[in-house]
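# Examining the three-dimensional arrangement
Each chain is listed here by its residues.
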Amino acid sequence: MPKRRNVHGGRQFYLIEGEGLTSAIVKIKSRGNRALLASAGTAPNEFAKYFETPPVEPDPERETKFCRMFPGLPPLQPSDEALIELGRAMLEADSPPEGDTEIPAGMTYLGQFIDHDITLDLTEGLPTSVLDPTAIENGRTPGLDLDSVYGAGPGEGSNSAAYEDDGLHLTLGQTTGRDIFGVDEAFPNDLPRKPADDPECPRAAIIGDGRNDENLAVAQTHLAFLKFHNRIVDEGNHSFEDARRVARQHYQSIVLHDFLPRLVDPAVADDVATNGRKFFMPDGLAAGMRPCMPVEFSVAAYRLGHSMIRNEYEWNRVFSSTGPGSIATLGLVFEFSEVSTHRGIFTEPTVPSDWIIRWNSFHDFTGIGSISNHPQFNVVRRIDTVLAQKLDDLPEFKDLPPEQDFMKSLAARNLLRGKYLGLPSGQDVARAMGATPLTASEIREGEHASIIDEHRFGDATPLWYYILKEAEVQQDGQRLGEVGSRILLETFHALVEGSQDSILREENWGPTLASVDADRFTFADLLMFVDDINPIGD
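Residues numbered from 1 in each chain as written. Predicted model: local features only at pLDDT ≥ 70, side-chain atom pairs only at ≥ 80, totals over all residues. Heavy atoms only, no water.

## Some remarks on the overall build of the protein chain
Helix and strand content of the protein chain: 17 helices and ten strands. For the protein chain, the residues scored as buried account for 61% of the 538 residues in total. The long-range fraction of contacts in the protein chain, counting pairs at least 24 apart against all pairs at least 6 apart in sequence, stands at 76%. As presented, the protein chain carries roughly 20,000 Å² of accessible surface, and 47% of it is formed by carbon and sulfur atoms. (Helix = DSSP H or I, 4+ residues; strand = E, 2+ residues; numbered from the N terminus. Buried < 20%, exposed > 50% of the residue type's maximum accessible area, 1.4 Å probe, protein only. Contact = heavy atoms within 4.5 Å. Areas by Shrake-Rupley, 256 points an atom, 1.4 Å probe, with all protein chains shown as cover.)

Given below as C-alpha cells:
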C-alpha cells in the first residue's frame, strides 16, 4: 500500500486510529524504536493543520491503553491490495438496496459521539510494522465519563473557553439567521466557535473534542449534551461536579438501555446481563481500575456504524423531500464540519439557522410526553457489507493522486487498519467464543463472491467484514449477530463498570431526571428534558 508522509509547519502527521466516520489524524513524534503502523498516511500538505486533533493533556492517573480481547489468536495478514479491492467493492449500487431497519437514524451519530468519548489515539512513535495495541496511549478515559464534553473541567488553560465565566455552565454558540429560506432568527443551537476571521482555524468549534464537529449530525448531538449539562445545573441548583455526575450516569443509562439494545442480539444481551462478561476482563474491575480498549471493538465491531449511514436525510422543514431546500444529502451534512469550512459552501460565521436538526425525525419519542415521531422519520440502513456511496468518496481525500485514490474509501481504510493492528479472522474469534462460524458459502453470498474466492476470504475473513456479514446472515441486517453483539456488550459493560461515576457500582441505580421508564433513561428523554426538539418548527 502506498505510504504517504508530509510535513506541515515542521510537524509530522500520521493516520493511526481513525475513529469516527472519517479519520482522526493525530500528531506523533519519534519515541525510540516502537513498532507501529507500517502503512500510515498524512493529510495533503495544504490541509494537514485542519485535520489535527486538538491536543489533550496526558493525565498519568487516568492513562489507559488499547489492548486485545483475544491476545492468543493469530493476526490475519492478507495483502493490502486484496483488502483495498474488497473495501472498494463494498460500495452500494446506483439503486440503494431494499430494506431498512427500525433503528432511529440518530443512533448512528450518537454512536459516533460515544466513539469519540472513549477513544483518542495519542501514540507517539514512527510507524514501521504491525502495531502493538498496548503501545497506543488512549487520550480518552474508556469509562463513559463524557470526557469529550467536559475535557479537564472548568478553569484556566486551553479548555477554559468551553465554559461560561461562572464555571458551571458550558458555552453554547449562536446560529446565523438568513433570508434565503425565511429562517432569519438566531438560535442558541450551534457549537461555540472561533471567529470566521481567526487566522489559524476559522469557525473551529471550541469543544472538548474537535472531532465532534466533523459533520453536522454529530455536532448537533454534542450540542444536545452541552444543553443537557446546563439544564441539569439550572434545574437542580447543582455544583459543577454534581451536575457532571448526574449527566454521566444518565448518559451511561442511555448507552446501556437505549443505544445498545437497538443494535445487539437480545439473546446475547440476556446472557451478558445474567452471567456477566466471559471474554473481556471477565473477573471484573477493582475499584478505581480502568479497562483497556480492545481493538476487536474499536477497529472492527464498533465500526458497524459505517454500514448504518444513509446517503440522505429528512433533516428539518427546510431540508427535506418536501422542503424548499431539498433533502439533506450526506455530502451537505459533512459540508458544515470544521474541516469543510475552509473549502466548502459554509460561508456564514456559524451554522445557518435553517440547518438546525429536527430531533423527532431522528430519535424515537414513542410514549414520551406530547411529542410524536415526525412523519418524515429517518431510520438507519441495514447492517451489512454494503456502504453508502459517499463513504467511498470522502471529501477530505478528494485531491489525492491516482495511486492514493483508495484513501477516499472508508471501507478500504477500515480493512487496512484491521490488518495493521493485527486483528484475527472473524472465524477464529467465533471459535474462541464457542460460536459456530459462518460458512464459506455464507461469507461469499452476495456481490463480493469473486473477490472472496480469489483471496480466500471465505475461510479466513477480516473481522470487520465478518461482523457485518454475520449481521446480514443471522439477523437480516436488523442488528448485530452473535460475535459482533458479544464484543459490543462486553466492552460497553466494562466501560460503564470502569467509569468514575458508574451506575453498575451503585446498587439499584435509577434515573433521577424525568423519564418514561423508571428504570432507564433514553436519548429521547434527554432531548425532552432539554426541551429543544424542533426549534425552527414545521
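## Looking at the packing of aromatic side chains
With the rule as written, the count across this model stands at 21 aromatic pairs. Both rings, one in F181 and one in F319, keep their centres 5.4 Å apart while their planes meet at 80°; by these two values the pair is edge-to-face. Here F181, found in the loop between α4 (147-150) and α5 (216-236), pairs with F319, found in the loop between β8 (312-313) and β9 (328-329); they are 138 residues apart in sequence, far enough to count as distant. F319 sits in the buried class, given a relative accessible area of 5%. An aromatic cluster is present here, built from Y109, F181, Y313, W315, F319, W355 and F362 joined pairwise through their rings. In this structure, R231 is placed above the aromatic ring of F529, and the distance from its NZ or CZ to the ring centre is 5.5 Å. (Phe/Tyr/Trp six-rings, centres within 6.5 Å; stacked < 30°, edge-to-face > 60°. Lys NZ or Arg CZ within 6 Å of the ring centre and 35° of its normal.)

## Considerations on the packing of helix α3 (residues 106-118) against α5
In the contact formed by α3 and α5, the axes pass within 9 Å of each other and the chain directions differ by 70°. Classed by the angle they form, the pair α3 and α5 counts as roughly perpendicular. The element α3 and its partner α5 pack so that their crossing is right-handed. Listed contacts from α5 to Y109, L110, Q112 and F113 of α3 are A217, V218, T221, H222 and F225. Per-class residue counts for the contact of α3 with α5 are six nonpolar, three polar and no charged. (Axes fitted to C-alpha atoms, helices over the stretch in contact; angles between N-to-C directions. Parallel < 35°, antiparallel > 145°, perpendicular 65-115°, else oblique. Left-handed = near helix turned anticlockwise from the far one by under 90°. Nonpolar A, V, L, I, M, F, W, Y, C, P; charged D, E, K, R; others polar.)

## Let's talk about helix α6 (residues 240-259)
The end-to-end C-alpha separation of α6 is 26 Å, in line with the 28 Å expected for 20 residues at 1.5 Å each. In terms of burial, α6 is largely enclosed, as 16 of its 20 residues are buried. (Expected span 1.5 Å × (residues − 1).)

## A look at the layout of surface pockets
Reported here for the second largest pocket is a volume of approximately 390 Å³. Along the walls of the second largest pocket sit 16 residues, with L256, H257, A269, A273 and H493 positioned nearest its centre. Broken down by secondary-structure element, the contributors of at least two residues to the lining of the second largest pocket are α6, α7 (266-275) and α16 (482-497). Here the lining of the second largest pocket gets four residues from one element, more than from any other, and that element is α7. For the lining of the second largest pocket, the class distribution of residues is eleven nonpolar, two polar and three charged. (1 Å grid on protein atoms, 1.4 Å probe; cavity = no way out; pocket = protein on both sides within 12 Å on 5 of 7 lines; lining within 4 Å. Points joined across faces, edges and corners; volume = space filled by probe spheres on them.)

## Remarks on the state of the cysteines
Applying the stated rule across the entire model yields one disulfide. Through a disulfide, C67 is tied to C292; the S-S separation comes to 2.0 Å. Taking the sign of the torsion about the S-S bond as the criterion, the disulfide between C67 and C292, at about 75°, is right-handed. Of this pair, C67 sits in strand β4 (residues 64-67) while C292 sits in the loop between α7 and β7 (293-294), placing them 225 residues apart in sequence. (Disulfide = S-S within 2.5 Å.)

## Comments concerning the packing of α3 against α6
Angle between the axes and distance between the axes are the two parameters that describe a pair of packed helices. Closest axis-to-axis distance for the α3/α6 pair is 12 Å, and the angle between their directions is 135°. The angle between α3 and α6 falls in the class oblique. As for how α3 packs across α6, the hand of that crossing is left-handed. Here M107, L110, G111, F113, I114 and D117 of α3 come into contact with α6, specifically with Y251, I254, V255, D258 and F259.

## Quick look at helix α11 (residues 410-420)
Residues lying three or four places apart along an α-helix face the same way, a consequence of the helix completing one turn every 3.6 residues. Within α11, eleven of the eleven residues are buried, which leaves it mostly tucked inside the rest of the structure. Every buried residue of α11 is listed here: L410, A411, A412, R413, N414, L415, L416, R417, G418, K419 and Y420. A positive backbone phi angle near 70° is found at G422, which sits one or two residues after α11.

## Observations concerning the nonpolar core
Grouped together as the largest cluster of nonpolar side chains are 137 residues, with contacts concentrated most on I114, W315, L488 and F492. Among the elements that line this core, the one with the most residues is α5, at eleven residues. Other than its neighbours up to four places away in sequence, F492 contacts I114, I118, L144, V255, L256, F259, L260, F297 and Y302. (Core = buried A, V, L, I, M, F, W, Y, C linked by side-chain atoms within 4.5 Å.)

## Considerations on the side chain of E296
Assignment of secondary structure puts E296 in helix α8 (residues 295-298). Buried charge without a salt bridge: E296, with R68 as the nearest opposite-charge side chain at an N-O distance of 5.5 Å. At a separation of 3.0 Å, a polar atom in the side chain of E296 contacts the main-chain amide nitrogen of F70. In contact with E296, other than residues within four places in its own chain, are C67, R68, M69, F70, A301, L423, L463 and I487. (Lys, Arg positive; Asp, Glu negative; His and termini not counted. Salt bridge = Lys/Arg side-chain N within 4 Å of Asp/Glu carboxyl O. Polar contact = N/O pair within 3.5 Å; in protein donor to acceptor, adjacent residues only side chain to side chain.)

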